[in-house]
Amino acid sequence: MPKEQNEPAIPRWTRKDYILTTIAFLIKLGDGVELYLPGVITQKVSCELGVSEVQEGLLAVILYLCHAIAVLVSVPVAEKFGEKITLLLSLYLSIFVAIVCAVVPNYYTLLLSRALTGLCAGLNGCIIGIYLAKLIPSKEILNQSAFIFAGLAIPVGGAWVALLGWIILDRLGWRIFVLTTSIPLFIVPIIFLHFAARCESQNVEDGDMGKDGNEDLADTPEIGS
């Protein structure tokens, strides 16, 4: 049988796709860090701050509860304020909270910082997916990107926590450990601010070209008509 002449072309990753996927991966990596962190630092925190077993459990509960709440409200919040603004504010708040967590004077300040961390992690993880869906027009590339940042980043975040815990926790203490595990979040806003506007403008240009192209095709008579 003869081969079809108009086979769909396999989409290729562009530099923009790689950059956006890297940003999303680092954000979800931070999400994974926060999910695994409580189990590593709880014992150290208890010894230093003198908290009870109930208070230990509450640190994890408040983190996961606020994370779940943030996931539920992320879409309406992003629609109201915009994905880019919401994501940037959440990222900067994540960095601030990580620094606060490293210098907390008492248990209740730590509890508040864990609650804010859960909110930021939930917002970051959901909104970056919405943002990428608007900037990556190819469904095939978007699915591949989602597999990388959604499927791999959280396990890698757990491995990052375990590795740094082995190297840092007993030597430098849990405060430096918490700060060090947040390094991916410190990097993200720099990359994001540098490339987001460029990616958005390129996406608009591609959309205009596609629109013009569709209009041209619409004006072209069908063969045999």
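Residues numbered from 1 in each chain as written. Predicted model: local features only at pLDDT ≥ 70, side-chain atom pairs only at ≥ 80, totals over all residues. Heavy atoms only, no water.

Structural notes on the overall build of the chain
So, step 1. Assigned secondary structure in the chain consists of seven helices and zero strands.
So, step 2. Going from the N terminus to the C terminus, the chain shows its helices and strands as α-α-α-α-α-α-α.
So, step 3. The proportion of buried residues among the 225 residues of the chain is 40%.
So, step 4. Here the analysis covers contacts within the chain between residues at least 6 apart in sequence; of these, 84% occur between residues at least 24 apart.
So, step 5. Surface accessibility of the chain: about 12,900 Å² in total, with carbon and sulfur atoms responsible for 66%. (Helix = DSSP H or I, 4+ residues; strand = E, 2+ residues; numbered from the N terminus. Buried < 20%, exposed > 50% of the residue type's maximum accessible area, 1.4 Å probe, protein only. Contact = heavy atoms within 4.5 Å. Areas by Shrake-Rupley, 256 points an atom, 1.4 Å probe, with all protein chains shown as cover.)

Observations concerning the packing of helix H3 (residues 83–102) against helix H6 (residues 174–181)
When two helices pack together, their arrangement is given by the angle between the helix axes and the distance between those axes.
So, step 1. Following both chains from N to C, one finds H3 and H6 inclined at 165 degrees, their axes separated by 8 Å at the closest point. Looking at the two axes, H3 sits roughly antiparallel to H6. Between H3 and H6 lies a crossing of left-handed hand. Contacts from Ala98, Ile99, Cys101 and Ala102 of H3 reach H6 at Trp174, Arg175, Val178 and Leu179.
So, step 2. Split by residue class, the contact of H3 with H6 holds seven nonpolar, no polar and one charged. (Axes fitted to C-alpha atoms, helices over the stretch in contact; angles between N-to-C directions. Parallel < 35°, antiparallel > 145°, perpendicular 65-115°, else oblique. Left-handed = near helix turned anticlockwise from the far one by under 90°. Nonpolar A, V, L, I, M, F, W, Y, C, P; charged D, E, K, R; others polar.)

Some words on helix H1 (residues 15–49)
So, step 1. An ideal rise of 1.5 Å per residue puts 51 Å on 35 residues; H1 measures up with 47 Å between its terminal C-alpha atoms.
So, step 2. Positive phi shows up at Gly50, right after H1, with a value of about 65 degrees. (Expected span 1.5 Å × (residues − 1).)

Quick notes on a nonpolar patch on the surface
So, step 1. Taken together, Leu58, Val61, Leu65, Ile69, Leu72 and Val73 make up a surface patch of nonpolar side chains, about 540 Å² in accessible area.
So, step 2. Looking at the secondary structure, you find Val73 in helix H2 (residues 53–81).
So, step 3. By relative accessible area, which is 37% here, Val73 ends up partly exposed. (Patch = residues over 30% accessible without salt bridge, like charges linked within 9 Å, V, L, I, M, F, W, Y side chains within 5 Å. Salt bridge = Lys/Arg side-chain N within 4 Å of Asp/Glu carboxyl O.)

A few points about the environment of Ile187
So, step 1. Inspection of the secondary structure puts Ile187 in helix H7 (residues 183–219).
So, step 2. Taking relative accessible area as the criterion, Ile187 reaches 37% and is therefore assigned partly exposed.
So, step 3. Along the chain, Ile187 and Leu26 lie 161 residues apart, while their C-alpha atoms are 8.2 Å from each other.

Section: the nonpolar core
So, step 1. The biggest cluster of nonpolar side chains holds 26 residues, and the ones touching the most others in it are Ile23, Ile27, Leu87, Ile128 and Leu132.
So, step 2. Mapped onto this core, the elements with two or more residues apiece are H1, H2, H3, helix H4 (107–135), helix H5 (139–172) and H7.
So, step 3. Residue contributions to this core peak at seven residues, all from H1.
So, step 4. Not counting residues within four places of it along the chain, the set of residues in contact with Ile23 comprises Ile128, Val188, Ile191 and Phe192.
So, step 5. The next biggest cluster of nonpolar side chains, apart from the first, holds 18 residues, and it includes Val104, Tyr107, Ile168 and Trp174. (Core = buried A, V, L, I, M, F, W, Y, C linked by side-chain atoms within 4.5 Å.)

Some points on the pattern of salt bridges
So, step 1. This model, assessed by the stated rule, comprises two salt bridges.
So, step 2. Between Lys44 and Asp170 there is a salt bridge, with its nearest N and O atoms 2.9 Å apart. Here Asp170 lies in helix H5 and Lys44 lies in helix H1, a separation of 126 residues in the sequence.
So, step 3. Its relative accessible area of 32% is what places Lys44 among the partly exposed residues.
So, step 4. A residue is classified by how much of its surface remains accessible, and Asp170, at 63% relative accessible area, is exposed.
So, step 5. Linking Arg175 and Glu48 is a salt bridge whose minimum nitrogen-to-oxygen distance equals 2.8 Å. Placement of Arg175 in helix H6 and of Glu48 in helix H1 is noted, with a sequence separation of 127 residues between them.
So, step 6. The class of Glu48 is partly exposed, set by a relative accessible area of 44%.

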